[in-house]
Amino acid sequence: MKFAISSKGDNKSNMLMQRMKSYLIDFGLTLDEEKPDIVISVGGDGTLLYAFHRFKHRLDKTAFVGVHTGHLGFYADWTPDEIEKLVIAIAKTPYQVVEYPLLEIIVRYKHNGKESKYLALNESTVKGVEGTLVMDVDIKGQTFETFRGDGLCLSTPSGSTAYNKALDGAIIHPSIRAIQLTEMASINNRVFRTVGSPLILPDHHTCMLKPLNQDDFIITVDHLQLLQKDVKSIQYRVADEQIRFARFRPFPFWKRVRDSFIGE
Ligand code: NAD
């Protein structure tokens with residue numbers, strides 16, 4: 001089996017990465033940074049987001065596992081003192097794979113007719129470069145509302161515990177193929193009106209954002225910030241691709257939510 005390891009880059013994560021590398025090689029695995037069967041991220045959730053974007057071109061052939069060197073993460077749930085156990089599990093056992101939905105983002109441009117496609121593991125947000133964001137929000141081909149405010153966030157179920165949660169979105173179990181739309185500080189008064197509640201769309205519904213007052217936007221895709229110019233529309237839906245996580249022990253999603261937000 002071929003493996004790759006990404007580290008957050010701090011001393012603790014780098015040392016742990018080196019130890020895991022040599023253990024895995026001792027167990028007969030091959031280090032392959034190009035075509036790994038398994039990708040181990042050492043650091044935190046952010047490190048796993050980087051690893052996902054690094055290997056997003058081969059999601060159907062790669063499984064991910066995360067070790068955390070800080071606090072318990074949603075994607076990074078193995079602790080540094082468990083790495084021997086994890087290495088043995090990777091080397092010896094045929095592991096289970098669980099698949100989580102991803103968000104597909106297609107940005108279309110006004111003048112050149114081109115489009116760019118992105119995949120997010122957590123979410124994508126849209127904010128204006130200057131002033132209030134004004135956008136028509138279409139759902140499944142029908143105009144739903146005109147949004148005025150700071151921005152909009154579209155998240156995946158596994159990303160629902162990240163930025164989405166800070167925007168009062170619901171936590172969605174990742175076995176549900178859906179995306180969630182949340183508002184950032186919408187302007188609501190007698191003239192302007194938005195629904196004000198998070199919306200959860202099933203996997204056959206598309207959400208299309210169409211700019212009304214400007215052409216340039218800051219669009220985030222997980223940790224990436226992209227300045228997008230001359231934007232005609234931004235389309236969101238549940239992606240056909242999924243991320244695969246290698247599971248070596250049960251760690252139910254709701255237990256992770258409880259341990260992270262309420263306490264062990
Ligand atoms: P970062 O290091 O500032 O990470 C932000 C925090 O988000 C970390 O504590 C991380 O553990 C946590 N996190 C990431 N994914 C999570 C998930 N799926 N569930 C629960 N917590 C999660 O920034 P980064 O490493 O560049 O990560 C980018 C992420 O930061 C974005 O995808 C976004 O979700 C999050 N973010 C959150 C807010 C907010 O909560 N107000 C604002 C901006 C970005």
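Residues numbered from 1 in each chain as written. Predicted model: local features only at pLDDT ≥ 70, side-chain atom pairs only at ≥ 80, totals over all residues. Heavy atoms only, no water.

## Quick word on the pattern of salt bridges
Turning to step 1, where the next piece is worked out: Tallied over the full model, the rule gives 13 salt bridges.
Turning to step 2, where the next piece is worked out: Two residues, E82 and R249, come together in a salt bridge whose shortest N-O distance is 2.7 Å. Here E82, found in the loop between strand 5 (76–78) and helix 3 (83–92), pairs with R249, found in the loop between strand 16 (231–247) and helix 5 (253–261); they are 167 residues apart in sequence, far enough to count as distant.
Turning to step 3, where the next piece is worked out: Notably, a salt bridge pairs R237 with D240, separated by 3.4 Å at the nearest N-O pair.
Turning to step 4, where the next piece is worked out: Accessibility expressed as a relative area gives 60% for D240, which makes it exposed.
Turning to step 5, where the next piece is worked out: Salt bridges here are not isolated pairs; linked through shared partners, they connect E104, K117, R237, D240 and E241. (Salt bridge = Lys/Arg side-chain N within 4 Å of Asp/Glu carboxyl O. Helix = DSSP H or I, 4+ residues; strand = E, 2+ residues; numbered from the N terminus. Buried < 20%, exposed > 50% of the residue type's maximum accessible area, 1.4 Å probe, protein only.)

## A word on the environment of G46
Turning to step 1, where the next piece is worked out: In this fold, G46 is placed in helix 2 (residues 45–54).
Turning to step 2, where the next piece is worked out: With 30 residues separating them in the primary sequence, G46 and A76 have C-alpha atoms 9.0 Å apart.

## A look at the layout of surface pockets
Turning to step 1, where the next piece is worked out: The calculated volume of the largest pocket comes to roughly 160 Å³.
Turning to step 2, where the next piece is worked out: For the largest pocket, the lining is made up of 15 residues, of which V98, Y100, R247, F251 and R256 are closest to its centre.
Turning to step 3, where the next piece is worked out: Among the elements of the structure, strand 6 (96–109) and helix 5 are those that each provide at least two residues to the lining of the largest pocket.
Turning to step 4, where the next piece is worked out: Considering every element that reaches the lining of the largest pocket, the biggest residue donor is strand 6, with 4 residues. (1 Å grid on protein atoms, 1.4 Å probe; cavity = no way out; pocket = protein on both sides within 12 Å on 5 of 7 lines; lining within 4 Å. Points joined across faces, edges and corners; volume = space filled by probe spheres on them.)

## Brief notes about empty space enclosed by the protein
Turning to step 1, where the next piece is worked out: For the coordinates displayed, the defined rule picks out 2 cavities of 30 Å³ or more.
Turning to step 2, where the next piece is worked out: Here the largest cavity is characterised by a volume of approximately 110 Å³.
Turning to step 3, where the next piece is worked out: Contributions of two or more residues to the lining of the largest cavity are made by strand 4 (63–68), strand 5 and strand 16.
Turning to step 4, where the next piece is worked out: Its residues assigned to classes, the lining of the largest cavity shows 10 nonpolar, 1 polar and 4 charged.
Turning to step 5, where the next piece is worked out: Of the volumes computed, that of the second largest cavity is approximately 30 Å³.
Turning to step 6, where the next piece is worked out: Its residues assigned to classes, the lining of the second largest cavity comprises 4 nonpolar, 1 polar and 2 charged. (Nonpolar A, V, L, I, M, F, W, Y, C, P; charged D, E, K, R; others polar.)

## Focus on the pairing of strand 9 (residues 133–139)
Turning to step 1, where the next piece is worked out: In terms of residue burial, strand 9 counts as a mostly covered element, since 7 of its 7 residues are buried.
Turning to step 2, where the next piece is worked out: Burial along strand 9 is two-sided: the face carrying L133, M135, V137 and I139 and the face carrying V134, D136 and D138 are both buried.
Turning to step 3, where the next piece is worked out: Here 7 bridges tie strand 9 to strand 10 (residues 142–155), and the two strands are oriented antiparallel to one another. Each bridged residue has a counterpart across the sheet, and for V134 the counterpart in strand 10 is R148.
Turning to step 4, where the next piece is worked out: The pairing of strand 9 with strand 13 (residues 207–211) spans 5 bridges and is classified as antiparallel. (Pairing = 2+ DSSP bridges.)

## Remarks on the domain arrangement of the protein chain
Turning to step 1, where the next piece is worked out: With domains assigned, the protein chain is organised as domain 1 (2–95 + 248–261) and domain 2 (102–240).
Turning to step 2, where the next piece is worked out: Listed as interface residues are 12 residues of domain 1 and, on the opposing side, 17 residues of domain 2.
Turning to step 3, where the next piece is worked out: Contact with domain 2 buries area across many residues of domain 1, yet H53, Y75 and F253 alone supply 39% of it, more than any other trio.
Turning to step 4, where the next piece is worked out: At the junction of domain 1 and domain 2, the tally comes to 0 salt bridges.
Turning to step 5, where the next piece is worked out: Our enumeration of links across domain 1 and domain 2 arrives at 3 residue pairs in polar contact (both at pLDDT 80 or more).
Turning to step 6, where the next piece is worked out: For the side of domain 1 that touches domain 2, the secondary-structure elements that each account for two or more residues are helix 2 and helix 5.
Turning to step 7, where the next piece is worked out: The greatest single-element share of the side of domain 1 that touches domain 2, amounting to 5 residues, is contributed by helix 2.
Turning to step 8, where the next piece is worked out: The residue inventory of the side of domain 1 that touches domain 2, partitioned by class, reads 11 nonpolar, 1 polar and no charged. (Domains from an automatic or database assignment. Contact = heavy atoms within 4.5 Å. Buried area = accessible area lost by both parts, 1.4 Å probe. Polar contact = N/O pair within 3.5 Å; in protein donor to acceptor, adjacent residues only side chain to side chain.)

## Looking at the site of the ligand
Turning to step 1, where the next piece is worked out: D45, N122, E123, S158 and T161 are the nearest of the 16 residues found near the ligand.
Turning to step 2, where the next piece is worked out: Within the side chain of D45, one N or O atom sits 3.0 Å away from an oxygen atom of the ligand.
Turning to step 3, where the next piece is worked out: Here Y163 contributes a backbone N or O atom positioned 3.2 Å from an oxygen atom of the ligand.
Turning to step 4, where the next piece is worked out: For the ligand, whose accessible area on its own is 790 Å², the fraction buried by protein is 60%.
Turning to step 5, where the next piece is worked out: Of all the elements in the fold, those that place two or more residues in the shell around the ligand are helix 2 and helix 4 (163–166).
Turning to step 6, where the next piece is worked out: Tallied by class, the residues present in the shell around the ligand amount to 6 nonpolar, 7 polar and 3 charged.
Turning to step 7, where the next piece is worked out: Three or more residues apiece are contributed to the shell around the ligand by two domains, here domain 1 (2–95 + 248–261) and domain 2 (102–240). (Near = heavy atom within 4 Å. Areas by Shrake-Rupley, 256 points an atom, 1.4 Å probe, with all protein chains shown as cover.)

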